[in-house]
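# Summary of structural features
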Amino acid sequence: MLHIVKTAVGAAWAYHQVRVLCSLGIKVVVALPSATEGLAPHYQQAGATVIPVNMNFGVQHLWRVPAAVAACRRLVKEVAPDLVHLHHVGTTLAMRMALGKSSPIPRIFQVPGPLHLEHGFFAGLDTRLAGPQDYWIATCQWTYQKYLQLGIPADRVFLAYAATDIKPFIGVRTGRLRNELGISSEVPLVGMVAYIYAPVWFLGQRQGLKGHEDFMMAVRLARQTLPGMRGVIIGGPWGNAARYESRLRDLGARMCNGSLTFVGNRTDVPVIYPDLDLAVVPSHSENCGGAVEPLLSGVPVVATNVGGLPDLIGDGKTGWLVPPHNPEALAQAMLDALQNGEEAQRRAAEGQNLARRLFDVERVGREIAGVYEKVLTRSARSNGDMLESIAQS
């Protein structure tokens, strides 16, 4: 199985899946931009072969498309895979252009999030470039239903969540984050954990898709009722978002008057998560995203009703669900959660059980292996029928 991942320093879900697939005896080759950086050594330790090749391109770098397509062709010729498993939009489009619709090699696009499907041009590009050997793994119900609405047959779309390693999330408060912030255990602490993505101009975005501005405004509004509440943003800029992060820091300082702290990227998120009384996921577009890790840590969650977040956050059951782009609703839900601690913990406990069940990488890895079996069986039957038709003609 040839996996193509556009980054060696992110997309941890792809690594966790590959680790399980290798443990099941499946031979995996992974194409990464680097064979030494980020997760590349971990892929190799798991038993996968890593080939350094960068086939990704962005809409703002369309001049890279011919090189990416050529790299795809060379890679497929070198590896001769039974199946190609793609994890990102750009590499998926490049591979489809490289192989064409008539290629007998099945290709699975495991869709990382709904963003490109929320825009007609990119959704159409996804489906128009696909051939009879293209399949999709939706990683939330919204995405699954969207492909059906776009006319993809149900037997070519599967549902499997983007799993994670649940073992590090033990849910024990250590006080590490609170000690760094200089606040006691009695101070209500609300946090947002997300990379900072700059607004994408060609998608018409004026704010980053994670909703940092909405969170900051909600903190300001909630403090009018709970003046002792503190907020924290965990996560730094992704890609070229350094200037945007600087703008957010300035805005947060003006808006929250010292009650909001940016702590940047962290490698100890499972350790510091339990220090939060509440996690907020104010995304404008999202898969299941930032709701998984806080629930695995036993932390109550307020999230927006977008994408895959409702798969995990049931309003009144496993958390609080509010409309996107609505700081007032966020603030009200934050206050409700903080002022009703027993109910918040009840919802968090139910959400924790659900998250452990849906996102356990061992279970999902076996699920992906089952998808491979179905696709390869169907592909062999399809290719056999095609050969028979050619022979008869």
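Here, the structure is the one placed above.
First things first, this report covers the structure right here in the doc. Nothing here was measured: the structure is a model prediction, and the numbers come from that model. (Residues numbered from 1 in each chain as written. Predicted model: local features only at pLDDT ≥ 70, side-chain atom pairs only at ≥ 80, totals over all residues. Heavy atoms only, no water.)

Right, let's talk about the packing of aromatic side chains for a bit. Within this structure, the stated rule accounts for 7 aromatic pairs. With 5.4 Å between their ring centres and 35 degrees between their planes, W136 and Y147 make a pair best called tilted. Taken together, the residues span a long stretch of sequence, with W136 in strand β6 (residues 134–138) and Y147 in helix α6 (residues 141–149) at a distance of 11 residues. Accessibility expressed as a relative area gives 0% for Y147, which makes it buried. (Phe/Tyr/Trp six-rings, centres within 6.5 Å; stacked < 30°, edge-to-face > 60°. Helix = DSSP H or I, 4+ residues; strand = E, 2+ residues; numbered from the N terminus. Buried < 20%, exposed > 50% of the residue type's maximum accessible area, 1.4 Å probe, protein only.)

With that out of the way, let us pick up the side chain of Q110. Structurally, the position occupied by Q110 is in strand β5 (residues 107–111). Polar contacts involving the side chain of Q110 include one to the side chain of Q17, which spans 2.7 Å. Ignoring sequence-local partners within four residues, the contact set of Q110 consists of W13, Q17, H85, L86, H87, I137, T139, A160 and I368. (Polar contact = N/O pair within 3.5 Å; in protein donor to acceptor, adjacent residues only side chain to side chain. Contact = heavy atoms within 4.5 Å.)

We now examine the sheet that holds strand β11 (residues 278–281). One open sheet accounts for 6 strands, arranged β10-β9-β8-β11-β12-β13; its pairing is parallel. The two strands at the open ends of the sheet, each matched to only one other strand, are β10 (260–264) and β13 (320–322). The average undirected angle you get between the axes of adjacent strands in this sheet is 20 degrees. In this structure, β11 lies alongside strand β12 (residues 301–304), joined through 3 bridges in parallel fashion. Within β12, the residue paired with V281 across the bridge is A303. (Pairing = 2+ DSSP bridges. Axes fitted to C-alpha atoms, helices over the stretch in contact; angles between N-to-C directions.)

With the exception of glycine, most residues fall at negative phi, and the peptide bonds are largely trans. Here A11, not a glycine, exhibits a phi torsion of approximately 55 degrees, which is positive. Residue class for A11 comes out buried when judged on its relative accessible area of 9%. Phi at A80 takes a positive value of approximately 50 degrees, unusual for a residue other than glycine. Within the secondary structure, A80 sits in the loop between α3 (65–79) and β4 (84–86).

For the rest of this paragraph, the subject is the pairing of strand β8 (residues 189–193). The element β8 is largely enclosed, with a buried count of 4 among its 5 residues. With 5 bridges connecting them, β8 and strand β9 (residues 230–234) associate as parallel partners. Each bridged residue has a counterpart across the sheet, and for L189 the counterpart in β9 is R230. Crossover β8 to β9 through helix α8 (residues 212–222) is right-handed. By the bridge criterion, 2 bridges tie β8 to β11 in an arrangement that is parallel. Bridge pairing in β11 links V190 to L278. (Right-handed = clockwise from strand over helix to strand, strands pointing away.)

So, about the packing of α8 against helix α13 (residues 327–339). Interhelical geometry of α8 versus α13 gives an angle of 55 degrees and a closest axis separation of 8 Å. Relative to α13, the element α8 lies oblique. Where α8 crosses over α13, the two elements pack in a sense that is right-handed. Taken together, the residues of α13 that come into contact with α8 (itself represented by D214, F215, M217, A218, V219, L221 and A222) are P327, E328, L330, A331, M334 and L335. Of the residues in the contact of α8 with α13, the class split is 11 nonpolar, no polar and 2 charged. (Parallel < 35°, antiparallel > 145°, perpendicular 65-115°, else oblique. Left-handed = near helix turned anticlockwise from the far one by under 90°. Nonpolar A, V, L, I, M, F, W, Y, C, P; charged D, E, K, R; others polar.)

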